[in-house]
Amino acid sequence: MLNRKKAPPIQEIGALRLPEIPVHRLDNGIELYEIQMGTQEVAKLELAFMAGRPFERKPLAARATAGQIKEGSRHYTAHQIAEQMDFYGCSLSFPFQMDTSNAILYSLSKHFDKALPLLADMLAEPAFPEDELQAFIRRNQRRLEVDLSKNDVVAYRQITELMFGPQHAYGYNSYPETYAALKREDLAEHFGRLYNSSNCIAFISGKASPAMLDMINESLSRAIRPGQPATATLPPAPEKPEAVKITRPDTVQAAIRIGRRLFNRHHPDYAGMYVLNTILGGYFGSRLMANIREEKGYTYNIYSMLDAMHYDGCMYIGTEAGNEFVNDTLQQIYHEMRLLQEERIDEEELSMVRNYLMGNFLTMLDGPFNVSEVVRTQAMEELPMSYFESLTEKVRTITAEELQSLAQRYLNREDMWEVVVGV
Amino acid sequence: MIQFERFELDNGLRVLVHEDYSTPMAAVNVLYNVGARDESPEKTGFAHLFEHLMFGGSANIPDFDTPIQMAGGENNAFTNNDITNFYDTLPVENLETAFWLESDRMLALNFDEKVLDVQRKVVVEEFKETCLNQPYGDVWHYISDMAYKVHPYRWPTIGKAPKHVEDATMEDVKSFFYHYYRPNNAILVVAGPVKTEEVKRLAEKWFGDIPRGENVIRKLPQEPPQKRLEKRIREANVPVDALYLAFHMPARTDPDYYVVDLISDILCNGNSSRLYHRLLKEQQLFTSIDCYISGSIDPGLFIIEGKPSEGVSLEQASEAIWKELELLKSEPVPDMELQKVKNKAESTLIFSELSPLNKAINLAYFELLGDVELINREAELYLQVSAEDIQRLAREILIEDNCSELFYKAQKGEVKVIQQPSAS
C-alpha cells in the first residue's frame, strides 16, 4: 500500500558552475561573450552600453536615446527598419535599464544576417529625427498620465525618490516637463559620448555559427566608434529616513512600500542579504507571504526585493492591501523584520530556502538565454565569472547566526523609509 | 517539432511525455478540464477561487508549496474561461516529489474552513488589485457582458463581483472538486530529461488508484449571431480616454482561427503593422494601440484597443480604425505583407519551443482540444492562409453587426492628493 504521508526522498543540488564562456575581442576592442548552447536554431545578440541614468547630462536622456535609436539611421527610415525586422520575424528592442542601455536582437539563426546590418547602421549613425522625438514626448507624457493614476507606480516613484534624493540618477522622477525639455541635441550628445567601443560589451547566445561570429565582428567593428569609458558623478543620498502618506480617497486598496538603501553586488554582505531577502519576501513561502497573505488574507501579493544597481542598491517591500488592512499590514511587516532579528531561523526553513534558491540557480543555467543573462550581469557589473559559483556557495553554506546578524544590521525599523499611497 | 508519447491510465487520466535532454529541469503540468465557463451565473469566479484552494493542503499533505520548494522547485497555476492549469518545475532528480504532491491533491483536498476563509479574502484583494483599483481594470467585465448574452463567456474569470467570491461555501467546494477534479477530467504532461517508461511507472504508482469520477458532460448554450452593433459609453475616473472594439471570431479548432490570428498580426503585431504604423506613428491619432484575440475554445473575441492622442475624440479614433478595417475588406493583402506575418508566426512558434514548461502546457492544451497532433501542424496551418482567406474573414467578422464598441471616457474628477509626513 502506498504511503502518501511520506515524501519521496529529495536529492539536494550540488555545487553549480557557470560553463566556460569563450570571450572574443572584436577588431575595435569590444569584448564578445559567446554562449553557444541550446537545441533550437535561434540566436540572441545583446549589446550593453554603460549609458544609463548615472551618465546622463540631462534627465531622461538615457531613456529617450534608447527609445529613439530605432527611429531611423543614415540608410534606413524607421519604417524600413520595422518592416525588415518584422519580415524576418526578428525582434529588436532597446529596453530601459537603470545603468545600461541595451540593444537586444532575437532572431532565427537563418535570418540573423538580414537583421544585423540594420542594427549596425542604427548604431553607426542614428538619425534622431525631430518629429519622431516630438511624437515620443507626447506619447510618453500621455502614458505617464495613465501610470500616475496607479497607486503602486506612485508609491515606487515616491520611495525611490526619498531613498536616493530627487536629483540622484536612481531617485529622480519623470514629469511632463521633464519630457518636454528633451531636445534632439541631448540625444545626440548622449549617444555620441556613450555609445562607443570602450563603453560596450557584446553577448551572443543560442546557436551562432562561425559565419555569424565573423559577421558580428565585421559589422560592429565598423559601426561602433572608439571613445572614452563612461564616468559618473552622483550626489550624496539623504541619510535620514522619512515616512510619507499620499492620500487618494477614491481607491479601495493602498500601495505600501517600505525600504532602505543598501549596496551593489560588490559589497561583502550582498550574498548574505540575497538569502535574507528571500526568507523575508523573496518567494512564495517567504515570511511576509506566509503571514500577510496566507495567514491573514490582507493582500493578493507581498514581496521584498533586493535591487542592486551599479553604484548603489536598495531593498524594499511592496504590497497592495485593502484599505481596512493597511495599518495591521504595516505592523506585521515590521513584526516580521523584528522576528528575523530576535530569533534564529530554524534548520528546516533554512534548508527549504537553500534548496529553493539552488533550484533557481539551476534554472539560471538552463538554456542559452538564461545563461546569457547571468554572464551579462557579471560582465557589466565588473564581477569575475566565478561570481555565480561563489554566490551559490554562500547560499549553500550560510548559517542561521549569520542571517540573524545581517537582520540586526540591515532590518532596523528606524532605517526604513515608508510610503503609503491610498487611504 | 515536439515529439511526445501518450498513454492513458485505467481511471481515465491521460498522460503525455515529452523527452528533452537539453535541460536539467523537469516540468510537470496538470490540466483540469474546467474553467469559468462551467460556473453557474450566480456563483461566478468560483473556478479561479478553487485554483487557490488547491494550494491549501490535501488529504495527506498539509501544504503544497513547502515540499516543492524543499525539492528546489517552483510552481504556479492559472485559470481562464476554459481550463484550470497547474504546473511545477523542479530538478529532474526530484521529479517524484511533484507526482506525490499533484496526485495527493487530485485524490482529495483537506477541505479546511480556514483555508477557504483566507483564500476568499485573498481573491477579493486580487479582484481589487487587478480590476477595481486599476485604471480600465473593469474593461473585461464590460466587454464580455456586451459581446455575450447567453454563453458563459459573459462573465470574466475573476467573477462578476467580489460578492460571488465572498459567498462561496464549503459545500460548493466539495461538489466542484468531486465533479471536476477527477482523473478522467484531467491531463498530465511531463517534459524534461525523463524516459517515458519512468513516467509510466510514476503515473501508475501515484495516480493509478485515484477513483474515476462521473463523466463530465458540458452543455453550454452557444452564442447566437449578434446581428447589431452593441455600443456602450463608460464614464470613469481614468486619466485618458480609451476605446475597445470586440468582434466575435471562430472557435479555437476552426481552421479559420489561424486566418483571424494573422489578421490581428497584420493590424497590430510589430512596429510595421498597419494600425501601429499608420494610426500611431504616421497620423499620430493614438498614443497606444493594440489588437489581440482571446483564443478561447468556444468562439471567442477579436479585440482592438487604443488610447487616442490628446485632442483626438473617441469618434475620430474609432473612425480611423474602421477605415483600416474597410481597407482589409476591399483590397487583398499584398503578398509581401502576408509573407511577413507568416514569417513572424513561424518565428513565434519556434521561440515558444525553447522552454520545456511551455511545451508541457501546450501539449496538455492540444490534448484537451481533442487532437494533440495539431500542435505540430500549426506552422502548416498558418502557411496555408491565403490573401483571399484574409479578405473573406475580414468581411465576415469585422463588421458593425458583429461588433461591441466600448468607449471609456475620462472624467477628470477630483483626485484628491494630500501629501503629508506621517508618524512612523
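In this text, all values refer to a predicted model and were calculated from it rather than measured experimentally.

Cut-offs and rules
Residues numbered from 1 in each chain as written. Chains lettered and ligands numbered in written order. Predicted model: local features only at pLDDT ≥ 70, side-chain atom pairs only at ≥ 80, totals over all residues. Heavy atoms only, no water. Helix = DSSP H or I, 4+ residues; strand = E, 2+ residues; numbered from the N terminus. Rg over C-alpha atoms; globule rule 2.2 N^0.38 Å. Buried < 20%, exposed > 50% of the residue type's maximum accessible area, 1.4 Å probe, protein only. Contact = heavy atoms within 4.5 Å. Areas by Shrake-Rupley, 256 points an atom, 1.4 Å probe, with all protein chains shown as cover. Lys, Arg positive; Asp, Glu negative; His and termini not counted. Charge placed at Lys NZ, Arg CZ, Asp CG, Glu CD. Expected span 1.5 Å × (residues − 1). Buried area = accessible area lost by both parts, 1.4 Å probe. Salt bridge = Lys/Arg side-chain N within 4 Å of Asp/Glu carboxyl O. Polar contact = N/O pair within 3.5 Å; in protein donor to acceptor, adjacent residues only side chain to side chain. Nonpolar A, V, L, I, M, F, W, Y, C, P; charged D, E, K, R; others polar. Pairing = 2+ DSSP bridges. Axes fitted to C-alpha atoms, helices over the stretch in contact; angles between N-to-C directions. Disulfide = S-S within 2.5 Å. Phe/Tyr/Trp six-rings, centres within 6.5 Å; stacked < 30°, edge-to-face > 60°. Parallel < 35°, antiparallel > 145°, perpendicular 65-115°, else oblique. Domains from an automatic or database assignment. pLDDT = per-residue confidence, 0-100.

### Overview of the overall build of chain A
Moving on, step 1. The helix and strand inventory of chain A stands at 15 helices and 11 strands.
Moving on, step 2. Over its C-alpha atoms chain A spans a radius of gyration of 23 Å, differing by no more than 12% from the 22 Å that the globule rule assigns to 423 residues.
Moving on, step 3. Buried positions account for 60% of the 423 residues belonging to chain A.
Moving on, step 4. Nonlocal contacts in chain A, meaning residues at least 24 apart in sequence, comprise 82% of its contacts between residues at least 6 apart.
Moving on, step 5. When the accessible area of chain A is evaluated, it comes to approximately 16,600 Å², of which 50% is carbon and sulfur surface.
Moving on, step 6. Between the mean site of the 44 positive side-chain charges and the mean site of the 57 negative ones, chain A shows a separation of 2 Å.

### Comments concerning the overall build of chain B
Moving on, step 1. Each helix and strand counted, chain B has 15 helices and 12 strands in total.
Moving on, step 2. The C-alpha radius of gyration of chain B comes to 23 Å, within 12% of the 22 Å expected for a compact globule of 424 residues.
Moving on, step 3. Burial analysis of chain B (424 residues in total) assigns 62% to the buried set.
Moving on, step 4. By element, 49% of the accessible surface of chain B is carried by carbon and sulfur atoms, the whole surface being about 16,400 Å².
Moving on, step 5. On chain B, the mean spot of the 44 positive side-chain charges and the mean spot of the 69 negative ones are 4 Å from each other.

### Overview of helix α11 (residues 326-342) of chain A
Moving on, step 1. In this model α11 of chain A runs 24 Å from its N-terminal to its C-terminal C-alpha over 17 residues, within 8% of the 24 Å that 1.5 Å per residue would give.
Moving on, step 2. Residues Val326, Thr329, Leu330, Gln332, Ile333, Tyr334, Glu336, Met337, Leu340 and Gln341 of chain A constitute the buried set of α11 of chain A.

### So, the side chain of His52 of chain B
Moving on, step 1. Assignment of secondary structure puts His52 of chain B in helix α1 (residues 46-53).
Moving on, step 2. When its relative accessible area of 7% is taken as the criterion, His52 of chain B is described as buried.
Moving on, step 3. In contact with His52 of chain B, other than residues within four places in its own chain, are Arg293 and Tyr300 of chain A together with Gln119, Val122, Val123 and Glu126 of chain B.

### Considering the interface of chain B and chain A
Moving on, step 1. Contact with chain B, which involves 85 residues of that partner, is made by 80 residues of chain A.
Moving on, step 2. Here chain B packs against chain A, burying approximately 7,100 Å² in sum over the two surfaces, 55% of which is carbon and sulfur.
Moving on, step 3. When residues of chain B are sorted by the area they lose upon contact with chain A, Gln69, Met70 and Asn133 of chain B head the list and together hold 10% of the total.
Moving on, step 4. Our enumeration of links across chain B and chain A arrives at 8 salt bridges.
Moving on, step 5. In this assembly, chain B and chain A are joined by 33 residue pairs in polar contact (both at pLDDT 80 or more).
Moving on, step 6. The dominant element in the side of chain B that touches chain A, judged by the number of residues it contributes, is helix α4 (residues 113-132) of chain B, at 10 residues.
Moving on, step 7. Grouping the amino acids of the side of chain B that touches chain A by side-chain chemistry returns 29 nonpolar, 32 polar and 24 charged.

### Digging into the environment of Val375 of chain A
Residues and elements named next belong to chain A.
Moving on, step 1. Of note, Val375 is situated in helix α13 (residues 368-380).
Moving on, step 2. The spatial distance from the C-alpha of Val375 to the C-alpha of Glu34 is 9.8 Å, given a sequence separation of 341 residues.
Moving on, step 3. Those residues in contact with Val375, other than ones at most four positions away along the chain, are Leu18, Ile21, Tyr33, Ile35, Phe203 and Met385.

### Focus: the sheet that holds strand β9 (residues 286-293) of chain B
Residue and element names in this part refer to chain B.
Moving on, step 1. Read from one edge of the open sheet, 5 strands run β7-β11-β8-β10-β9, paired in mixed fashion. Two strands bound the open sheet, and with one partner strand each, they are β7 (230-236) and β9. For this sheet the average axis-to-axis angle between neighbouring strands, irrespective of direction, equals 10°.
Moving on, step 2. Bridging between strand β8 (residues 242-248) and strand β11 (residues 403-410) involves 6 bridges; their strand directions are antiparallel. For Ala242, the partnering residue across the bridge sits in β11 and is Tyr408.
Moving on, step 3. Strand contacts of helix α10 (residues 274-282): β9 and β10 (301-308), with the helix running at about 160° to β9, the strand carrying the most contacts.

### Observations concerning the state of the cysteines
Moving on, step 1. Applying the stated criterion across every chain, the model contains 0 disulfides over all chains.
Moving on, step 2. Sulfur of Cys291 of chain B: no disulfide; nearest cysteine sulfur belongs to Cys268 of chain B and is 5.5 Å away.

### Notes on the packing of aromatic side chains
Residue and element names in this part refer to chain B.
Moving on, step 1. Enumeration over the complete set of coordinates arrives at 44 aromatic pairs over all chains.
Moving on, step 2. For the ring pair Phe86 and Tyr181, a centre distance of 6.3 Å and an interplane angle of 70° mean the geometry is edge-to-face. Within this pair, whereas Phe86 is found in strand β5 (residues 84-91), its partner Tyr181 is found in the loop between α7 (170-180) and β6 (186-192), the two being separated by 95 residues in sequence.
Moving on, step 3. Measuring from ring centre to ring centre gives 6.0 Å for Phe99 and Phe207, while their planes differ by 75°; the resulting arrangement is edge-to-face. Residue Phe99 is located in helix α3 (residues 95-107), and its partner Phe207 is located in helix α8 (residues 196-207); the two are separated by 108 residues in the primary sequence.

### Side note on the packing of helix α9 (residues 256-268) of chain B against α10 of chain B
All names here are of chain B.
Moving on, step 1. Relative orientation of the contacting elements α9 and α10 amounts to 30°, with a least axis distance of 3 Å. Comparing the axis directions of α9 and α10 gives the class roughly parallel. Contacts between α9 and α10 involve Ile266, Leu267 and Cys268 from the first element and Arg274, Leu275 and Tyr276 from the second.
Moving on, step 2. Broken down by class, the residue content of the contact of α9 with α10 amounts to 5 nonpolar, no polar and 1 charged.

### Details of the domain arrangement of chain A
Residues and elements named next belong to chain A.
Moving on, step 1. Splitting chain A by domain gives domain 1 (23-223) and domain 2 (243-422).
Moving on, step 2. For domain 1 and domain 2, the distance between their C-alpha centroids amounts to 29 Å.
Moving on, step 3. On the domain 2 side, the residues contacting the 36 residues of domain 1 number 36 residues.
Moving on, step 4. The junction of domain 1 with domain 2 conceals about 3,000 Å² of combined surface from both sides, 74% of it contributed by carbon and sulfur atoms.
Moving on, step 5. Applying the counting rule to domain 1 against domain 2 returns 2 salt bridges.
Moving on, step 6. On the surface where domain 1 and domain 2 come into contact, there are 11 residue pairs in polar contact (both at pLDDT 80 or more).
Moving on, step 7. Among the elements of the structure, β2 (31-36), β3 (42-49), β5 (101-108), α5 (151-164) and β6 (200-206) are those that each provide at least two residues to the side of domain 1 that touches domain 2.
Moving on, step 8. Grouping the constituent residues of the side of domain 1 that touches domain 2 by class yields 23 nonpolar, 8 polar and 5 charged.

### Some words on the confidence of the model for chain B
Moving on, step 1. Taken residue by residue, chain B gives an average pLDDT of 95. The fraction at 70 or more is 97%.
Moving on, step 2. Of the two predicted TM-score estimates for the complex, the pTM is 0.95 and the ipTM is 0.94.

### Details of the pairing of β8 of chain B
Residue and element names in this part refer to chain B.
Moving on, step 1. The element β8 is largely enclosed, with a buried count of 7 among its 7 residues.
Moving on, step 2. Residue alternation in β8 divides its side chains into two sets, Ala242, Tyr244, Ala246 and His248 and Leu243, Leu245 and Phe247, and both sets are buried.
Moving on, step 3. For β8 and β10, the ladder comprises 6 bridges, and the chain directions are antiparallel. By the bridge assignment, Phe247 is partnered in β10 with Phe302.

### Side note on the sheet that holds strand β1 (residues 23-25) of chain A
Residue and element names in this part refer to chain A.
Moving on, step 1. Pairing in this open sheet of 6 strands is mixed, and the strands run β1-β2-β6-β3-β5-β4 from one edge to the other. Each of the sheet's edge strands pairs with one partner strand only, and the pair in question is β1 and β4 (91-93). Going from strand to strand, the sheet's axes swing by 15° on average, the running direction of each strand aside.
Moving on, step 2. The pairing of β3 with β5 spans 8 bridges and is antiparallel. Counterpart to Ala43 in the pairing with β5 is Ser107.

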